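Residue strings, one per chain:
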Amino acid sequence: MDSDGPTFQNDIRPMFTQIDVDHMRDYGIDLSSRDDVEKHGEAIYQTVTGGTMPPPGTGERWTSEMCERFKRWRDGGCRP
């Protein structure tokens, strides 16, 4: 991560597993798309900080550091 804050390509996209991407496509959200993640950012943030995503057995829960990185990315303008 550079001094200007997290970017989608380098810092945010890698936090979503392929299982996450495939699962959320069924709900009309493409987690591999910066635009979709920005559009649904508040809902994504609420679910990962609430510990309800990813579902049990489908991947690792986000750590507090990952949640904070996502928040910094959103607060910083959702850099590509």
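Scroll up to find the structure this text is about.
Residues numbered from 1 in each chain as written. Predicted model: local features only at pLDDT ≥ 70, side-chain atom pairs only at ≥ 80, totals over all residues. Heavy atoms only, no water.

### Observations regarding the pattern of salt bridges
Right, on to step 1. Here the structure, examined in full by the defined rule, presents six salt bridges.
Right, on to step 2. Notably, a salt bridge pairs Glu38 with Arg34, separated by 3.0 Å at the nearest N-O pair. Residue Glu38 and its partner Arg34 are both found in helix α3 (residues 34-39); the two are separated by four residues, about one turn of the helix.
Right, on to step 3. Overall, Glu38 belongs to the partly exposed group, its relative accessible area being 36%.
Right, on to step 4. Among the salt bridges present, the one from Glu42 reaches Arg74, with a minimum N-O distance of 3.1 Å. (Salt bridge = Lys/Arg side-chain N within 4 Å of Asp/Glu carboxyl O. Helix = DSSP H or I, 4+ residues; strand = E, 2+ residues; numbered from the N terminus. Buried < 20%, exposed > 50% of the residue type's maximum accessible area, 1.4 Å probe, protein only.)

### Some points on the environment of Gln18
Right, on to step 1. Turning to its location among the elements, Gln18 is positioned in helix α2 (residues 18-25).
Right, on to step 2. Separated by ten residues in sequence, Gln18 and Gly28 have C-alpha atoms that sit 15 Å apart.
Right, on to step 3. Once you skip the residues sitting within four places of it in the chain, Gln18 turns out to touch Arg13 and Arg25. (Contact = heavy atoms within 4.5 Å.)

### Notes on the nonpolar core
Right, on to step 1. Grouped together as the largest cluster of nonpolar side chains are 18 residues, with contacts concentrated most on Ile12, Phe16, Leu31, Val37, Trp62, Phe70 and Trp73.
Right, on to step 2. Beyond its immediate chain neighbours, meaning those up to four positions away, Trp62 contacts Met15, Phe16, Val48, Cys67 and Phe70. (Core = buried A, V, L, I, M, F, W, Y, C linked by side-chain atoms within 4.5 Å.)

### Thoughts on the packing of helix α4 (residues 41-50) against helix α5 (residues 64-75)
Right, on to step 1. It is the contact of α4 with α5, at a shortest axis distance of 10 Å, that shows an interaxial angle of 165 degrees. By the angle between their directions, the pair α4 and α5 is classed as roughly antiparallel. Crossing of α4 over α5 shows left-handed handedness. Of the residues in α5, those in contact with Gly41, Glu42, Ile44, Tyr45, Val48 and Thr49 of α4 are Cys67, Phe70, Lys71 and Arg74. (Axes fitted to C-alpha atoms, helices over the stretch in contact; angles between N-to-C directions. Parallel < 35°, antiparallel > 145°, perpendicular 65-115°, else oblique. Left-handed = near helix turned anticlockwise from the far one by under 90°.)

### Some words on α5
Right, on to step 1. Counted at 1.5 Å a residue, the expected span for α5 with its twelve residues is 16 Å, and the 16 Å between its end C-alpha atoms agrees.
Right, on to step 2. Within α5, burial applies to Met66, Cys67, Phe70 and Trp73. Looking straight down α5, one finds that the buried residues subtend no more than 120 degrees of arc, so they occupy a single side. The outward face of α5, more than 90 degrees from its buried face, is lined by the exposed residues Ser64, Glu65 and Asp75. (Expected span 1.5 Å × (residues − 1). Arc of directions from axis to C-beta.)

### So, α4
Right, on to step 1. Buried residues of α4: Gly41, Ile44, Tyr45 and Val48, and no others. Along α4, the residues classed as buried sweep out an arc of 100 degrees about the axis, all on the same side. When the buried face of α4 is taken as reference, the exposed residues oriented beyond 90 degrees from it are Ala43 and Gly50.
Right, on to step 2. In this fold, the buried residues of α4 make contact with α3 and α5.
Right, on to step 3. Gly51 occupies a position one or two residues after α4 and carries a positive phi of about 80 degrees.

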